[in-house]
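Close look at the chain arrangement
Chain by chain, the residues:
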Amino acid sequence: MINIGVLISGGGSNLQALIDNIKSGMINAQIKIVVSDHKSAFGLQRAENENIKAVFVSKKMAGDNIQFHNNILEILQHENIDLVVLAGYLSILTPLFIETYKNKIINIHPALLPAFGGNGMYGLKVHEAVLNYGAKISGATVHFVDEGTDTGAIILQESVEVLANDTPETLQKRVLSIEHKLLPLAVKYFAENKLQIIENKGNRTIVKING
Ligand code: GRF
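We now turn to the structure provided with this report. (Residues numbered from 1 in each chain as written. Predicted model: local features only at pLDDT ≥ 70, side-chain atom pairs only at ≥ 80, totals over all residues. Heavy atoms only, no water.)

Considering the site of the ligand
Every residue near the ligand is listed here: Gly11, Gly12, Ser13, Asn14, Gly88, Ile108, His109, Pro110 and Glu179. One nitrogen or oxygen atom from the main chain of Gly11 is found 3.5 Å from an oxygen atom belonging to the ligand. The separation between an oxygen atom of the ligand and a polar main-chain atom of Asn14 is 2.8 Å. Contact with the protein chains hides 82% of the accessible area of the ligand, taken as 370 Å² for the molecule alone. Within the shell around the ligand, the residues separate by chemical class into 2 nonpolar, 6 polar and 1 charged. In this structure, the shell around the ligand is formed jointly by two domains, domain 1 (1–101) and domain 2 (107–211), each of which donates at least three residues. (Near = heavy atom within 4 Å. Polar contact = N/O pair within 3.5 Å; in protein donor to acceptor, adjacent residues only side chain to side chain. Areas by Shrake-Rupley, 256 points an atom, 1.4 Å probe, with all protein chains shown as cover. Nonpolar A, V, L, I, M, F, W, Y, C, P; charged D, E, K, R; others polar. Domains from an automatic or database assignment.)

A look at the packing of aromatic side chains
In this structure the tally under the stated criterion is 3 aromatic pairs. Ring plane angle 80° and centroid distance 5.9 Å describe the contact between Phe116 and Tyr133, whose orientation is recorded as edge-to-face. Here the residue Phe116 occupies a position in the loop between β5 (105–109) and α6 (124–133), and Tyr133 occupies one in helix α6, the gap between them amounting to 17 residues. (Phe/Tyr/Trp six-rings, centres within 6.5 Å; stacked < 30°, edge-to-face > 60°. Helix = DSSP H or I, 4+ residues; strand = E, 2+ residues; numbered from the N terminus.)

Quick look at the pattern of salt bridges
Scanning all chains against the criterion turns up 7 salt bridges. One salt bridge connects Lys53 with Glu79, and the closest N-O pair in it is separated by 2.6 Å. Residue Lys53 is located in strand β3 (residues 53–56), and its partner Glu79 is located in the loop between α4 (65–78) and β4 (83–86); the two are separated by 26 residues in the primary sequence. Taking the relative accessible area as the measure of exposure, Glu79 reaches 7% and is therefore buried. Across the pair Lys188 and Glu192 runs a salt bridge, and its minimum N-O distance is 3.0 Å. For Glu192, a relative accessible area of 34% gives the class partly exposed. What emerges from the salt-bridge pattern is a single network uniting Lys32, Lys53 and Glu79. (Salt bridge = Lys/Arg side-chain N within 4 Å of Asp/Glu carboxyl O. Buried < 20%, exposed > 50% of the residue type's maximum accessible area, 1.4 Å probe, protein only.)

Quick notes on the nonpolar core
In terms of nonpolar packing, the biggest core is built from 46 residues, with Ile4, Val6, Ile31, Val85, Ile155 and Leu183 touching the most fellow members. Dropping the residues within four chain positions of it, Ile31 is found in contact with Ile4, Val6, Leu15, Leu18, Ile19, Ile22 and Ile52. (Core = buried A, V, L, I, M, F, W, Y, C linked by side-chain atoms within 4.5 Å. Contact = heavy atoms within 4.5 Å.)

Here it is, written out as structure tokens:
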């Protein structure tokens, strides 16, 4: 059984979806720790409700982003974490962090990458951008994290229709319900060692799902 560390910044509905799918037996893993960069993140409460260790790590106290992530690394290594899940985590990971957990960090993004991703594309801004562009479909992407923003190898994607009368909030809600399905599924595949990483002609990493 693998040990998961979940990094959050907010509500933690994706964290909850993971918790629920572990409890139901769908995923053979345990969440050893939840780390938040926001003190008041509701996700911390969700973890505590399930008796999962939950900690707030202060960026201010750390001084800078490098020290901050070194502090988080230390916490995760202490818990023998095999997989880091970013579930609505807003801070930018450091190169050392990414290197330490190479191909062991999974992120969920609320759009169909590579569209509507990159710096500054988070939360409602993503859905606003989709609506402003007039895109007719959107969706969710689960991917491995590399040194770029939202550029890592794609594990799973699923689309949702964009409706004529959608607001960023209604679209967000429809995409979230897909996220709650995709993220646990990707974690399940990881836990079962089914994700095979293939360098495609040296310029793009492709994930194959075996079995
Ligand atoms: C989700 O839309 C996720 O795709 C994005 O941040 C949001 C987090 O929502 N990365 P929650 O905290 O899991 O409810």
